[in-house]
Amino acid sequence: MIIGVDVTMLVYAGSGVANYTYNLVKTLLEIDKKNEYRLFYSSLRRPKNFYYLDELKKAGGKVYKFRFPPSLLKLWWSRLHVIPVEWFIGKVDVFFSSDFLRPPLLPGTKGITTVHDLTWKIYPQFHEQRIIGAHAIKLEKTIKYKDIIVVDSQSTKNDLTKYYSKISGKKKIFVIYPGIGEEFRLINDKDPAFAKATAGKEKSKMILKKYGIDYPSDFLLYVGAIEPRKNLVRSIEVFSELIKNNKFSDFIFIIAGRAGWKNENVFQSIKRLKLENKVKFIGYVDDEDLPFLYNAASLTVYLSAYEGFGLPPLESLACGTKVIVGDNSSLKETIDKKFLVDVNDKNKILEKMKYLLENKIEINSKEIQDRFNWQEAARKFLKIISINNQ
């Protein structure tokens, strides 16, 4: 079988969709030596430290790289729905679309796509109109052409059948949990993640210094895009109350991730609360450094209003670091209830935050690694396309 994949979303290195695309495709290439993989990639820019395509080539993928402007692809595939992707990569049996564009396919080719969430549908106020429009058109085409649909959680499957009842009963929606990278684990001096000549504490100190963080230090950590549904304004407001307590007055709040959209309120809240010296934005964190940040943090904060899955809190728990997480959407499905809180109640968030910081909480990191595993996700993906392509 020849399997085509749109890996263009890799250009958004550090985003959840890019991480999902890279890890799923890389794992498929590692475990599946029977099928041929043709990878379509198009971008006018190359992000810093962009190793993804080279790694996929090494794993056996055939990369077809183009420099089409994103606006041209949107015109072809979203507005006009012309120019089959197979004109660029050759005829395939199955084509796996990104979560943003569904290109035309040649007769006989089966389409498959992952719908990561319906936040653009349920919370349109959190998004720009162009994003809402693109996702709506893509999903309409997915339904029209009877593509196989994969979702990251039962929560997203429920949302799909609720808002798009015409697909319920007419086609199956398959739940496949994404995996957590093996690098997300409890790190100590004997861990192979450390260079042989470097003691564990010195390695951690070096990594944190790279981002302007003292080691050791007490800090809360947020990892993800800076956008409205992540509830960062509320997180910052609660942090402002937390540090009024002498026990936590030395804490800082580290925000790791790229600026998203509609994020002006986040920066305004920091200025309003006079937290310029207590809240630190460190931008995108290199993949190999992120486990060290999780390990060093006192608590990972993830008060999102809605998630189709939500990797950061699981990565944090896999590293042995406690989390405080919104009690909603897929997060209720994947995170132990002892870490959940009502994101609409600032008093409850503050009390939960204090409790988690003051008490030893048991975390089974291995259980999390076993439950959210990329190899298992890739095997399920292969089984789905094999059955549906017969």
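Residues numbered from 1 in each chain as written. Predicted model: local features only at pLDDT ≥ 70, side-chain atom pairs only at ≥ 80, totals over all residues. Heavy atoms only, no water.

Some words on the overall build of the protein
(1) Moving on: Secondary structure assignment for the protein yields 16 helices and 13 strands.
(2) Moving on: Against the 2.2 N^0.38 benchmark of 21 Å for 390 residues, the protein shows a C-alpha radius of gyration of 21 Å, consistent with a compact globule.
(3) Moving on: Across its three principal axes, the protein shows a C-alpha extent of roughly 65 × 50 × 35 Å.
(4) Moving on: Burial statistics for the protein: of 390 residues in total, 55% are counted as buried.
(5) Moving on: Sequence separation of 24 or more characterises 69% of the internal contacts of the protein that already satisfy a separation of 6 or more.
(6) Moving on: Split by element, the accessible area of the protein, about 18400 Å² in all, is 50% carbon and sulfur. (Helix = DSSP H or I, 4+ residues; strand = E, 2+ residues; numbered from the N terminus. Rg over C-alpha atoms; globule rule 2.2 N^0.38 Å. Buried < 20%, exposed > 50% of the residue type's maximum accessible area, 1.4 Å probe, protein only. Contact = heavy atoms within 4.5 Å. Areas by Shrake-Rupley, 256 points an atom, 1.4 Å probe, with all protein chains shown as cover.)

With respect to the environment of Asp327
(1) Moving on: In this structure, Asp327 sits in the loop between β12 (323-326) and α13 (331-334).
(2) Moving on: The spatial distance from the C-alpha of Asp327 to the C-alpha of Phe339 is 8.6 Å, given a sequence separation of 12 residues.
(3) Moving on: In this structure Asp327 touches Lys332, Leu340, Val341 and Asp342, once residues within four positions along its chain are discounted.

Quick look at the pairing of strand β9 (residues 252-256)
(1) Moving on: Across the five residues of β9, four count as buried, placing the element largely inside the fold.
(2) Moving on: Inspection of the sheet shows strand β8 (residues 219-223) paired to β9 by five bridges, in the parallel sense. Bridging across to β9, Val223 finds its partner in Ala256. (Pairing = 2+ DSSP bridges.)

Overview of helix α10 (residues 264-272)
(1) Moving on: Considered for burial, the residues of α10 that qualify are Val266, Ser269 and Ile270. Angularly, the buried residues of α10 cover 100 degrees about the axis, an arc narrow enough to put them on a single face. Projecting away from the buried face of α10 at angles above 90 degrees are the exposed residues Lys271 and Arg272.
(2) Moving on: The first or second residue beyond α10 is Lys274, which carries a positive phi of 55 degrees. (Arc of directions from axis to C-beta.)

Some thoughts on the sheet that holds strand β11 (residues 299-302)
(1) Moving on: Across the sheet, six strands lie side by side as β10-β9-β8-β11-β12-β13; this open sheet has parallel pairing. Of all strands in the sheet, those bounded by a partner on one side alone are β10 (279-283) and β13 (340-341).
(2) Moving on: Judged from the two bridges that link them, β8 and β11 form a sheet pairing that is parallel. Following the sheet pairing, Leu220 is matched in β11 by Leu299.

Observations regarding the nonpolar core
(1) Moving on: Residues Leu220, Leu221, Phe239, Phe253, Ile324 and Met353 are the most contacted members of the largest nonpolar core, which totals 64 residues.
(2) Moving on: Residues in contact with Leu220, not counting those within four places in the same chain, are Phe239, Leu242, Phe251, Ile252, Phe253, Ile254, Leu299, Val301, Met353 and Leu357.
(3) Moving on: Listed in part, the 33 residues of the second largest apolar core include Leu10, Leu56, Ile176 and Phe381. (Core = buried A, V, L, I, M, F, W, Y, C linked by side-chain atoms within 4.5 Å.)

Digging into the sheet that holds strand β3 (residues 62-66)
Adjacent strands of a sheet form backbone hydrogen bonds with each other and so pair up, either parallel or antiparallel.
(1) Moving on: Sheet architecture is open: seven strands sit in the order β3-β2-β1-β4-β5-β6-β7, paired in parallel fashion. With one partner strand each, in any of the chains shown, β3 and β7 (173-175) form the two edges of the open sheet. Averaged over all pairs of adjacent strands, the angle between strand axes in this sheet comes to 20 degrees, irrespective of strand direction.
(2) Moving on: Along the sheet, helix α16 (residues 374-388) contacts β1 (2-6), β2 (36-42), β4 (94-97), β5 (110-115), β6 (148-151) and β7; its crossing angle with β5, the most-contacted strand, is approximately 145 degrees. (Axes fitted to C-alpha atoms, helices over the stretch in contact; angles between N-to-C directions.)

A few points about the packing of aromatic side chains
(1) Moving on: Evaluated as defined, the whole model comprises 25 aromatic pairs.
(2) Moving on: A connected cluster of aromatic rings, assembled from ring pairs, spans Phe40, Phe66, Phe68, Trp76, Trp77 and Phe88. (Phe/Tyr/Trp six-rings, centres within 6.5 Å; stacked < 30°, edge-to-face > 60°.)

Description of the side chain of Thr109
(1) Moving on: Along the chain, Thr109 falls in the loop between β4 and β5.
(2) Moving on: A polar side-chain atom of Thr109 sits 3.0 Å from the main-chain carbonyl oxygen of Val92.
(3) Moving on: Beyond its immediate chain neighbours, meaning those up to four positions away, Thr109 contacts Glu86, Lys91, Val92, Asp93, Val94 and Phe95. (Polar contact = N/O pair within 3.5 Å; in protein donor to acceptor, adjacent residues only side chain to side chain.)

Brief notes about unusual backbone geometry
(1) Moving on: The omega angle of the peptide bond from Tyr215 to Pro216 is -5 degrees, so this bond is cis rather than trans.
(2) Moving on: Checked against the element boundaries, Pro216 lands in the loop between α8 (200-210) and β8.
(3) Moving on: Notably, Ile83 is not glycine yet its phi reads approximately 65 degrees, a positive angle.
(4) Moving on: By secondary structure assignment, the location of Ile83 is in the loop between α3 (70-80) and α4 (86-89).
(5) Moving on: The exposure class assigned to Ile83 is partly exposed, which follows from its relative accessible area of 22%.
(6) Moving on: Positioned with a positive phi, Asn231 is a non-glycine residue whose angle comes to about 60 degrees.
(7) Moving on: Relative to the assigned elements, Asn231 resides in the loop between β8 and α9 (232-242).
(8) Moving on: For Asn231, a relative accessible area of 17% translates into the label buried.

Everything listed here is a matter of coordinates, which is why it stays silent on function.
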